[in-house]
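Notes for the structure review
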Amino acid sequence: MKILHVINNMVTGGAEKLLLDTIPLFNVKNCQVDLLLIDGTDYPYLKKLKEFNNCNIYYLNSKNIYSPLNIFRIIPFLRKYDLLHVHLFPAQYWVAFAKLISFSNTKLVFTEHSTSNRRMENRLFRLIDKQIYKIYHKVVCISSEIKKVLMLHANLNESKLVIVENGINLDLFNRSAAIKKNSIDKNLCDNDIVLIQVAGFRYQKDQVTTVKSLQYLPINVKLVLVGDGEFKEDLKKLVDDLNLIDRVFFLGIRLDVPVLMKSSDIVVISSHWEGMPLSVIEGMAAKKPVVASNVAGVTQLVDGFGILFEKGNEIELAEKIKTLLVDDIYYRKIAERGFERAKKYDINCMVDQQINLYKELLK
């Protein structure tokens, strides 16, 4: 059973992080899994995966992940593998088209990581999407909410959809220990209250709301942002305009997220939409209270185990954070509830489910 995972690149993101964490596990479990990247830029996640040295990594070396020429570059890989497991757009389109024009018998699986995207708002793309999804033998939904969305958006038969929830390396979080706050950044003090948000700097993740919430919080409440992306400079300008330079810290892409979360006080997720964000589960696994926007893909994870606020509402976010700061008993209760919740999402269970899916398709 030869499996090839295909993704645009290994830039910071939930899908990319899952591949970094799961590919080594697949191979430990005697399931040969390799990786194909349309863009082979040497991002930190890719460097880390290379260090593991337990899979083949191929590159199309495309200068443009949106170029249709990638279709023809993918075709040779269809002939080498029993099954291609694809993640994210536009890789989703290029692999589907490659299969169509090559008449390959290779099985295709696509994982949908989000409840929303811009294609869903475009009439033409909605029509194309319906046909693309149908080319895949199975579509993995990382939450039940995504399954509902796809049944409506792509008019898919329920038998084509399978739910495999995301998981994290719980053992890694259990082994990780907190460090002093000035080790996170030299300008932090031990008496600071540290909020942490781990996400790519994209519109979807809405770090803007988290930054704005600091205006309504005590001055010893600081924010560390982990990640990178196209909106980074816009965020820095916002921080400057609001005179928050000494309260917001940009840490860049980091591979020590368990340590950073354990060393912070509150984990914030302010997304406009999500599929099943790993940062929610990671925050809970770090035994920290999670405060998150009340949107599809997040609500199901957080409701009853963390704290929800209206998306885009920085004032309500600040109020929810204040409730944790003034009540130690409430703080500990939310942290403990979240920790129990996180135990459900062991990454080994996720990998086993995917292996079973591959076996079923390749009978």
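The rules behind these values
Residues numbered from 1 in each chain as written. Predicted model: local features only at pLDDT ≥ 70, side-chain atom pairs only at ≥ 80, totals over all residues. Heavy atoms only, no water. Phe/Tyr/Trp six-rings, centres within 6.5 Å; stacked < 30°, edge-to-face > 60°. Helix = DSSP H or I, 4+ residues; strand = E, 2+ residues; numbered from the N terminus. Axes fitted to C-alpha atoms, helices over the stretch in contact; angles between N-to-C directions. Parallel < 35°, antiparallel > 145°, perpendicular 65-115°, else oblique. Left-handed = near helix turned anticlockwise from the far one by under 90°. Contact = heavy atoms within 4.5 Å. Nonpolar A, V, L, I, M, F, W, Y, C, P; charged D, E, K, R; others polar. Pairing = 2+ DSSP bridges.

**Description of the packing of aromatic side chains**
Counting across every chain of the model gives 13 aromatic pairs. Ring geometry for tyrosine 93 against phenylalanine 125: centres 6.4 Å apart, planes inclined by 50°, an arrangement best described as tilted. Taken together, the positions of tyrosine 93 in helix H4 (residues 91–102) and phenylalanine 125 in helix H5 (residues 123–135) put the pair 32 residues apart, joining distant regions of the chain. Between phenylalanine 201 and phenylalanine 250 the ring centres are 6.0 Å apart and the planes differ by 75°, which places this aromatic pair in the edge-to-face class. Taken together, the positions of phenylalanine 201 in the loop between strand S8 (193–198) and helix H9 (207–213) and phenylalanine 250 in strand S10 (residues 248–252) put the pair 49 residues apart, joining distant regions of the chain.

**Describing the packing of helix H3 (residues 70–78) against H4**
Packing of H3 against H4 brings their axes to within 8 Å, and their N-to-C directions diverge by 70°. Regarding the angle of H3 to H4, the classification is roughly perpendicular. Considering only the axes of H3 and H4, their crossing is right-handed. Counting all contacts with H3, which are made through Asn70, Ile71, Phe72, Ile74, Ile75 and Leu78, the residues of H4 involved are Trp94, Val95, Phe97, Ala98, Lys99, Ile101 and Ser102. A per-class count over the contact of H3 with H4 returns ten nonpolar, two polar and one charged.

**Overview of the sheet that holds strand S2 (residues 32–37)**
Whenever strands of a sheet pair, they do so through backbone hydrogen bonds, lying parallel or antiparallel. Reading across from one edge, S3-S2-S1-S4-S5-S6-S7 is the order of the seven strands in this open sheet, with parallel pairing throughout. The strands lining the two open edges of the sheet, one partner per strand, are strand S3 (57–59) and strand S7 (161–163). Here the strands of the sheet are splayed against their neighbours by 25° on average, with no regard to which way each runs. Across five bridges, strand S4 (residues 83–87) lies against strand S5 (residues 107–112) in parallel orientation.

**Considering unusual backbone geometry**
Between phenylalanine 89 and proline 90 the backbone carries a cis peptide bond, its omega angle lying at 10°. Backbone geometry at asparagine 61 places phi at a positive 55°, although glycine is not the residue there. Here asparagine 61 shows up in the loop between S3 and H3.

Read these as geometric descriptors, not functional statements.
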